[in-house]
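# Coordinate inspection notes
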Amino acid sequence: MLTGLTILTVSLLYLLLLFAIAYYGDRRADQGRSIIASPYVYALSIAVYCTAWTYYGSVGRAASAGVGFLPIYLGPTLTFILGWLAIRKIIRISKVNRITSIADFVASRYGKSYYLGGLVTIIAVVGIIPYISLQLKAISTSFTVLLRYPAVATPENLGSTPILQDTALYVALIMAAFAILFGTRHIDASERHEGMVAAIAFESVVKLIAFLVVGVFVTYGIFGGFGDVFSRAAADPAFQKLFTLSAAGGYSDWIAITLLSMAAIVVLPRQFQVLVVENVDERHVKKAIWLFPLYLLLINLFVLPIAFGGLLVFPRDGVDPDFFVLTLPIAEHFEAIAVIVFIGGLSAATGMIIVETIALATMVSNDLVMPVLLRYGRLHLSERADLTGVLRAIRRGAIIFVILLGYVYVRLIGESYALVSIGLMSFVAAAQFAPAILGGILWKGATRLGALAGLSAGFLVWVYTLLLPSFAGAGWLSQSFLQDGPWGLTLLSPYALFGLEGLSPIAHALFWTMVVNVGLYVAISLATTQSMIERSQAVQFVDIFKHTSDGARIWRGRATIGDLRRLMNRFMGEGPTDQALLRFEREKGRRLDDSQAGDAEVVQYAERQLAGTIGAASARIMIASVLREEMHDIDAVMQILDEASQLVVYSRQLEEKSKQLEAATAELRAANERLTELDKMKDDFVSTVSHEFRTPLTSIRSFSEIVHDNPDLGIGQRNEFLNIIVQESERLTRLINDILDLAKMEAGKTAWHMREIAPKRLIETALAAMAGLFAKNPNIRLETDIADDLPTVYVDPDRLTQVLVNLLSNAIKFCNREDGLVTLVARAEVGALRVDVGDNGVGIAKQDSQKIFERFQQAGDTLIDKPQGTGLGLPICRHILERFGGEIWFKSEVGKGSTFSFRIPPVGYAGGIRGSRRAAGADLG
Amino acid sequence: MVRQGLTGERLIGLFLLALLLFMPPLIGVFDKPDLVGGIPVLYLYLFIAWAALIALLALIVEQPQSEEDLAQAEPGAMRDQERDRTTGAES
């Protein structure tokens with residue numbers, strides 16, 4: 001027979017075992033030989049997700065909704081498929097920032113805002129308390145049910161128990177003791193709770209085994225296997241309905257609950273605790289992402305057979321389906337199995353209570369109480385020497401507060417609600433964190449105000465659509481509030497807000513909370529701008545895999561390392577502080593001297609260590625206080641940034657300037673070189689010109705002297721000498737004219753009278769002008785060949801004549817003395833005018849061919865031969881032809897004669913003519 | 001984000017498959033009160049699909065190649081930073 005004493009003894013023994021395991025886990029952790037550093041333990045600890053709600057409530061829900069209970073477990077499976085990408089990112093972020101809770105995570109992401117941290121904490125406490133109370137209710141009810149053994153208890157004969165006989169109270173107190181012992185042993189919350197995790201993993205094993213035992217017992221002991229249970233159920237048309245989704249509330253509930261549980265598996269405070277904070281090694285995620293779904297599959301395998309088993313065994317006699325798991329073995333008089341089931345339920349409930357309480361207590365102390373005390377407290381707390389005691393007291397107080405609140409809730413309200421409805425209510429509350437977290441790790445633009453607005457609005461809608469109705473259900477508010485809305489405004493009815501009907505309360509609440517939460521989060525984020533610290537945190541969170549360095553914040557600190565050490569001592573205690581600083585010295589390879597000024601690196605390290613103890617927001621306040629509030633405010637940081645970017649702009653301008661200078665210098669150098677060259681050319685020119693002038697002048701002078709000194713010279717001889725003087729003077733004049741001509745041309749000061757002409761007439765005129773010269777040299781023949789189809793050219797006719805005369809007179813000068821032949825051929829060549837003037841003289845030697853077109857250069861040796869021209873004719877010709885856009889060249893063979901050729905492009909030829917025209921305009925102007 | 005190799009992409013693919021399997025309209029195909037081997041067809045479908053997804057998930061992450069992908073994302077992440085720096089220098 002089962003007596004109350006037996007059950008109590010077994011329960012107490014089980015809880016003692018739990019304490020022992022936790023103690024052992026902590027001992028091993030202290031020795032540095034962790035027993036939880038394994039992916040299997042990690043996966044089992046995540047299974048704290050399966051609470052008494054799963055254990056008892058799933059069957060209850062299956063009995064009325066068929067597969068309606070399943071999305072609560074399919075959702076986490078979906079999330080875990082992406083776990084490696086998403087969960088690992090959250091873990092990395094949390095480890096780098098030493099994040100201790102979900103409130104800390106949200107606060108830290110949005111610029112270490114303590115308002116946000118506080119808000120998240122309040123939402124979590126208000127939202128999760130019903131969930132904790134649900135565990136307590138499950139324990140006390142299961143205890144009462146078991147106590148009635150061998151009778152099968154029904155809700156009617158359960159009645160209510162006086163407080164002092166209520167097991168829930170004692171369980172609550174034992175749980176508080178456990179949480180205080182193993183949850184606040186270390187003050188540094190980010191230094192995980194290994195003992196607790198070990199105990200949780202053990203509880204996960206116990207509840208799984210217990211559930212499988214009862215599952216096998218019902219399916220194969222009472223019935224003949226799965227097929228048997230379902231086939232017998234199918235015979236009853238009332239049960240047949242449970243085989244489809246319609247019993248589960250249709251698609252809307254199915255989708256809503258899937259989405260809810262997808263979020264819940266990460267954002268429920270206890271899940272965040274085991275999944276992220278207690279994670280030993282990121283690599284464990286890899287195995288956990290398939291082990292945990294497998295665990296869920298196994299624990300759900302027998303839910304449906306048990307549910308139908310219960311329905312078949314207790315046909316409509318009012319046995320609470322939530323406790324079929326327990327009442328079935330009782331009805332079959334298997335007391336051992338009943339006790340196993342009870343222990344399994346106890347482990348499911350206690351596991352949840354322990355982790356949830358520790359997580360909530362950490363949030364309450366770090367993100368709610370501490371910031372308030374530090375910032376506004378009249379206690380001058382921030383000046384007290386040792387705060388570890390205060391911190392510990394706050395956290396212990398928070399644990400007791402949370403658990404008792406859960407107990408009060410269950411006493412006042414819990415009785416009127418089924419397990420699953422309470423759990424889902426908490427899920428919707430926790431789901432409010434999902435947009436801020438998911439947005440926070442994926443979207444850099446999300447702002448603090450956006451998160452604040454979204455979270456608070458979502459929470460308020462949750463209160464209105466789920467919490468207030470639960471009060472109504474408990475009789476605190478009138479039922480008419482549910483049906484007709486407040487003041488009879490049906491539009492505001494909490495289960496059909498704005499006329500949205502046809503959804504279950506959960507789907508309805510999820511829809512409206514997410515509409516306002518996500519809507520405001522996105523809209524306000526887009527409408528507001530981030531502060532500097534928000535920006536840097538956002539970048540650090542979103543790009544965690546890119547930059548794992550510390551988001552270098554700028555502290556303009558005047559604190560010494562001693563100051564920092566004292567600050568850390570106050571919150572963390574002396575031992576952990578020394579250890580932390582030693583670790584820092586070892587990692588960075590530097591010595592820390594207490595009198596030294598704390599540089600940014602040390603300050604940041606200290607802040608992170610503190611964040612592990614008192615949360616990011618509080619740590620920031622404390623650090624700022626020792627730095628005498630010298631942390632740059634945003635304006636100062638912006639100013640520094642502005643100055644820095646201004647400097648960048650200046651230096652870029654400087655660079656540009658120096659580049660321009662370099663270019664200018666190069667140009668100048670080139671110009672200088674050219675000037676030097678020109679100067680040298682001028683010198684050469686002057687010396688050549690004086691040489692050219694001296695030759696005729698010498699002969700003029702010497703002949704003039706002869707005539708002057710010898711008055712008795714014969715008239716014939718005198719005439720001869722005078723003739724020479726005249727000729728030399730003419731030569732001089734010609735020379736000077738040519739020089740002036742060329743100089744003018746080179747200086748671009750010649751007036752060009754360009755016009756279109758037909759070259760044939762011009763050539764004939766030039767030939768006519770030369771007729772006299774040919775007449776003087778009778779042994780020189782002229783042969784001409786002028787084509788009729790010569791193209792029109794755009795030239796200065798006088799200048800072109802000058803070229804022809806020059807070339808012809810050269811040809812006459814240099815052709816064979818005895819049997820001279822001068823040829824002139826003019827024809828059209830690819831549209832251009834081409835003229836060749838040839839002679840049959842000595843030709844031009846190779847060495848002269850290069851310089852023949854240069855000034856004062858004549859073929860042959862000017863020192864021996866009498867110069868036969870000014871030496872400027874060909875340079876002038878070249879100049880003129882280039883001016884017309886044409887070119888001049890020659891071909892020569894020594895002893896056989898030379899041919900000078902030039903070509904002028906026809907009218908309309910792009911290159912030459914247009915250029916000439918422009919130049920001509922400039923010249924005339 | 002760190003390059004995940006193929007493992008990351010496979011996981012996303014599997015997630016999409018899971019959505020397809022567990023969400024309407026596909027789930028509606030099995031939403032009938034019929035029994036197959038004595039078991040309601042909807043229950044049978046859900047549990048088989050669920051088990052298959054877990055098996056695929058295990059298969060994907062337990063591949064030797066996924067070790068490499070994960071190794072790239074080792075804690076400490078200095079390597080990621082260094083890689084960023086080198087690619088930065090190249091570009």
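Before going into details, it helps to say that this report is about the structure given with it.

The rules behind the values
- Residues numbered from 1 in each chain as written.
- Chains lettered and ligands numbered in written order.
- Predicted model: local features only at pLDDT ≥ 70, side-chain atom pairs only at ≥ 80, totals over all residues.
- Heavy atoms only, no water.
- Core = buried A, V, L, I, M, F, W, Y, C linked by side-chain atoms within 4.5 Å.
- Buried < 20%, exposed > 50% of the residue type's maximum accessible area, 1.4 Å probe, protein only.
- Helix = DSSP H or I, 4+ residues; strand = E, 2+ residues; numbered from the N terminus.
- Contact = heavy atoms within 4.5 Å.
- Buried area = accessible area lost by both parts, 1.4 Å probe.
- Salt bridge = Lys/Arg side-chain N within 4 Å of Asp/Glu carboxyl O.
- Polar contact = N/O pair within 3.5 Å; in protein donor to acceptor, adjacent residues only side chain to side chain.
- Nonpolar A, V, L, I, M, F, W, Y, C, P; charged D, E, K, R; others polar.

### Focus on the nonpolar core
In terms of nonpolar packing, the biggest core is built from 213 residues, with Phe211, Ile306, Phe308 and Phe427 of chain A together with Tyr43, Leu46 and Trp50 of chain B touching the most fellow members. Residue contributions to this core peak at 18 residues, all from helix α18 (residues 335-376) of chain A. In contact with Ile306 of chain A, other than residues within four places in its own chain, are Val59, Phe211, Val214, Gly215, Val218, Phe324, Val325 and Leu328 of chain A. Membership of the second largest hydrophobic core comes to 50 residues, among which are Ile739, Leu790, Leu807 and Phe884 of chain A.

### Overview of the environment of Pro905 of chain A
Residue and element names in this part refer to chain A. Here Pro905 is to be found in the loop between β7 (897-904) and α35 (910-924). Under the relative-accessibility criterion, Pro905 is labelled buried at 7%. Expressed as a C-alpha distance, the spacing of Pro905 and Glu887, which sit 18 residues apart in the sequence, is 9.2 Å.

### A look at the environment of Ile399 of chain A
Its place among the elements puts Ile399 of chain A in helix α19 (residues 388-412). Ile399 of chain A has contacts with Ala176, Ala179, Ile180, Thr184, Thr357 and Ala361 of chain A, leaving out every residue within four places of it along the chain.

### Things to note about the side chain of Thr357 of chain A
Checked against the element boundaries, Thr357 of chain A lands in helix α18. Leaving out residues up to four positions away in the same chain, Thr357 of chain A has contacts with Ile132, Met352, Ile399, Val402 and Ile403 of chain A.

### So, the interface of chain A and chain B
In this assembly, 49 residues from chain A lie in contact with 47 residues from chain B. In total, chain A and chain B occlude about 4500 Å² of area from one another, counting both sides; carbon and sulfur atoms represent 75% of this. Interface area lost by chain A to chain B is led by Ile81, Trp84 and Lys286 of chain A, which between them contribute 16%. We note a salt bridge from Lys287 of chain A to Glu62 of chain B, for which the minimum N-O separation is 3.3 Å. Run the count over chain A and chain B and you get seven residue pairs in polar contact (both at pLDDT 80 or more). Among the secondary structure elements, those contributing two or more residues to the side of chain A that touches chain B are α4 (71-81), α5 (83-97), α11 (226-234), α13 (250-267), α15 (284-300) and α16 (303-313) of chain A. The biggest single contributor to the side of chain A that touches chain B is α15 of chain A, with nine residues. Here the side of chain A that touches chain B is composed, by residue class, of 29 nonpolar, 11 polar and nine charged.

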